[in-house]
Amino acid sequence: MATPGAPSEVAGKIIFSDSEIALRVDELGAAITADYSGRDLVLVTILKGGIFFLADLSRRIDLPLTTDFMAVSSYFGGSPGNVRITKDLDDSIQGRDVLIVEDIIDTGLTLNYVIKNLRSRGPASLEICTLLDKDVRRIVELPIAYRGFTVADRFLIGYGLDLRGRYRNLPFLAELHEVALL
Ligand code: 5GP
């Protein structure tokens, strides 16, 4: 197998620069700070892509929040929307104000499963914050309370989004460079 290219070689057109992302994350953090003041906020992120956004967003929220993590495997057994929890939350969310922090929502099938599962645990509230909304591809409608950017139907890498496990560490969001498509 060919050696994977360096991130700087694989990234093509930059869709959102690191400073554009930082500005939007600031705005989202301010909105969440205002909305969740006096409440018992827990940020729940789905591994692995969401941790980059979570790390930046949580530092822009001026509240005594906690964080927790889930991992899911999608598409096992072949049919989309067929989701299995491979790592569950560490703590109970009963009676707490849960905000799911996602990198990107595409079809919505994965998150639809996660939401149903979390709702059954009796949180005080359950909302979604996604950095990217690929809304043209949506199959299941989801109530998105906070949205960073709406994006077109293009495959993106960076800022948590991967290509076969790599390139999450690009500081910006980019399309693939043509050579990476070969
Ligand atoms: P869905 O909403 O279709 O259930 O799945 C969302 C997941 O698909 C995301 O968490 C991400 O892993 C993956 N995904 C969707 N669009 C993209 C994209 O443009 N780039 C990358 N790297 N992953 C994507």
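The text that follows walks through the structure, step by step, so that each part is easy to find. Along each chain, residues carry numbers from 1 onward, in the same order as the chain's sequence is written. Reporting in this predicted model follows two pLDDT cut-offs: at least 70 for local features of residues, and 80 or more for side-chain atom pairs to be given and counted; totals over whole chains, interfaces and linings ignore these cut-offs and use all residues. To get the side-chain values, take all heavy atoms of the structure and skip hydrogens and water.

### Here's the deal with unusual backbone geometry
Here is step 1 of the chain: Note that the residue after Leu47, namely Lys48, is joined by a cis bond; omega there is 0 degrees.
Here is step 2 of the chain: Secondary structure elements are defined from DSSP: runs of H or I of at least 4 residues count as helices, runs of E of at least 2 residues count as strands, and each element is numbered from the N terminus. Residue placement: Lys48 occurs in the loop between strand E2 (41-47) and helix H3 (50-58).
Here is step 3 of the chain: With a phi close to 45 degrees, Arg164 is a non-glycine residue in the positive phi region.
Here is step 4 of the chain: You can see Arg164 is positioned in the loop between strand E8 (156-157) and strand E9 (173-176).
Here is step 5 of the chain: Each residue gets one of three labels from its accessible area relative to the maximum for its type: buried under 20%, exposed over 50%, partly exposed in between, using a 1.4 Å probe on protein chains only. A residue is classified by how much of its surface remains accessible, and Arg164, at 72% relative accessible area, is exposed.
Here is step 6 of the chain: Positive phi values are uncommon outside glycine, yet Tyr167 reaches one of about 75 degrees.
Here is step 7 of the chain: Relative to the helices and strands, Tyr167 resides in the loop between E8 and E9.

### Things to note about the site of the ligand
Here is step 1 of the chain: For this description, a residue counts as near a given molecule or strand if any of its non-hydrogen atoms is within 4 Å of it. Neighbouring the ligand are 15 residues; Thr107, Gly108, Thr110, Leu156 and Asp162 lie closest to it.
Here is step 2 of the chain: One of the backbone N or O atoms of Leu109 is found 3.4 Å from an oxygen atom in the ligand.
Here is step 3 of the chain: N or O atoms within 3.5 Å of each other form a polar contact, as long as, within protein, one can give a hydrogen and the other can take it, and as long as residues adjacent in sequence are counted only when both atoms are side-chain atoms. Arg154 is positioned such that a nitrogen or oxygen atom in its backbone is 3.5 Å from an oxygen atom of the ligand.
Here is step 4 of the chain: Surface accessibility follows the Shrake-Rupley procedure with a 1.4 Å probe radius. Residue values consider only the protein chains on display as shielding. Burial of the ligand by the surrounding chains reaches 82%, relative to a free accessible area of 510 Å².
Here is step 5 of the chain: Counting residues per element, the ones that place at least two in the shell around the ligand are strand E5 (97-105) and helix H4 (109-119).
Here is step 6 of the chain: With 3 residues, the top contributor of residues to the shell around the ligand is E5.
Here is step 7 of the chain: Per-class residue counts for the shell around the ligand are 7 nonpolar, 3 polar and 5 charged. Under the scheme applied here, ten amino acids are nonpolar (Ala, Val, Leu, Ile, Met, Phe, Trp, Tyr, Cys and Pro), four are charged (Asp, Glu, Lys and Arg), and all others, including Gly, are polar.

### Some points on the sheet that holds E9
Here is step 1 of the chain: Should DSSP find at least two bridges between two strands, the strands are taken to pair. Strand order in the open sheet formed by 3 strands is E1-E9-E8, with antiparallel pairing between adjacent strands. Here the strands that pair on one side only, and so sit at the sheet edges, are strand E1 (11-16) and E8.
Here is step 2 of the chain: When E8 meets E9, the two strands line up antiparallel, connected through 2 bridges. Note on E9: the bridge partner recorded for Leu156 is Glu175.

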